[in-house]
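# Overview (structure and organization)
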Amino acid sequence: MLFRAVFTLCALAGLAAGQESTVAITNPFTTPLDIEEGSRTFLSQCANCHGRDGRGGQGTPDLTTGNFRRASSDEGLFQVVSRGVSGTTMPAFSLSGRSIWQTLAYVRSLSAGRTRELAKGDAGRGAALFESQGCLGCHSRQGKGGASGPDLTEIGSERTLQEIRTSLLDPQGDVAPGFWRLRAQTRDGRTVEGLRLNEDTYSVQYMDGSGRLSTLMKSDVARFEVDRRSPMPALKGKLSGPQIEDLVAFLVGGKR
């Protein structure tokens, strides 16, 4: 927990300074209380242009679709709010980092309900597929499952239906830096492998297969490489179109 707290603070500092992070930064403020606080900030700062319901108007985008023109990741959206968008009516907001994150949590919540409504498949059949395809070996949902892949509990409010379909059919298409894997050989002959969490000039932090956080000093390394590929197998050709839709419906919490 201490590592995560320190890392989050460092990541926020990097965003505020306009630096690009070496890992995928996700919103650390997504509780119901955060969303409630974010709704108040949205109404006071954003509703004048985007509407009280977030559906936009007068040239501003509809924020309830889950499709964002300028960015899709949490980190990208943070930068849009904090820096503004040059050449548009979107200004930079001098809010605290926490207020921006809370506002973004609220914006994400606006699209969650619509995503569930638009899902065409059967979530019950999707749940069975999620288990039979071995997805819980790498991914977690509602606190159950593996940690080597992204937690999918809130995927319906974080990604559009098309983005989820694409990640199932072609997982190599967009692998977030936070899930790149480290492979290294130390000077004393040890082999090191794990999930690369952060890297600087002198060291790299990683999580091994048991979930333990470790630091590897680059001065101790004889060979070092980062695998940017996803270990997730593509489901294209393995599942039918309707089965993919069932799996999508389960992931976004659609109808059973």
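Residues numbered from 1 in each chain as written. Predicted model: local features only at pLDDT ≥ 70, side-chain atom pairs only at ≥ 80, totals over all residues. Heavy atoms only, no water.

### Brief notes about the layout of surface pockets
Put simply, the second largest pocket is a space of about 610 Å³. Lining the second largest pocket are 27 residues; nearest its centre among them are His50, Pro61, Leu63, Val80 and Met90. For the lining of the second largest pocket, the secondary structure elements donating two or more residues are α2 (32-45), α3 (47-50), α4 (74-83) and α5 (97-118). Split by residue class, the lining of the second largest pocket holds 17 nonpolar, 8 polar and 2 charged. (1 Å grid on protein atoms, 1.4 Å probe; cavity = no way out; pocket = protein on both sides within 12 Å on 5 of 7 lines; lining within 4 Å. Points joined across faces, edges and corners; volume = space filled by probe spheres on them. Helix = DSSP H or I, 4+ residues; strand = E, 2+ residues; numbered from the N terminus. Nonpolar A, V, L, I, M, F, W, Y, C, P; charged D, E, K, R; others polar.)

### Digging into the pattern of salt bridges
Taken as a whole and assessed by the stated rule, the structure comprises 15 salt bridges. With a closest N to O distance of 3.6 Å, Glu225 and Arg223 form a salt bridge. One salt bridge in this structure joins Arg229 and Asp227, with 2.9 Å as the shortest N-O distance. Note on Asp227: relative accessible area 13%, which makes it buried. (Salt bridge = Lys/Arg side-chain N within 4 Å of Asp/Glu carboxyl O. Buried < 20%, exposed > 50% of the residue type's maximum accessible area, 1.4 Å probe, protein only.)

### A short note on the side chain of Asp208
Tracing the backbone shows Asp208 in the loop between β5 (203-207) and β6 (213-217). Since its relative accessible area comes to 14%, Asp208 is described here as buried. From its side chain, Asp208 meets the backbone nitrogen of Arg212 in a polar contact 3.0 Å long. Not counting residues within four places of it along the chain, the set of residues in contact with Asp208 comprises Glu193 and Gly194. (Polar contact = N/O pair within 3.5 Å; in protein donor to acceptor, adjacent residues only side chain to side chain. Contact = heavy atoms within 4.5 Å.)

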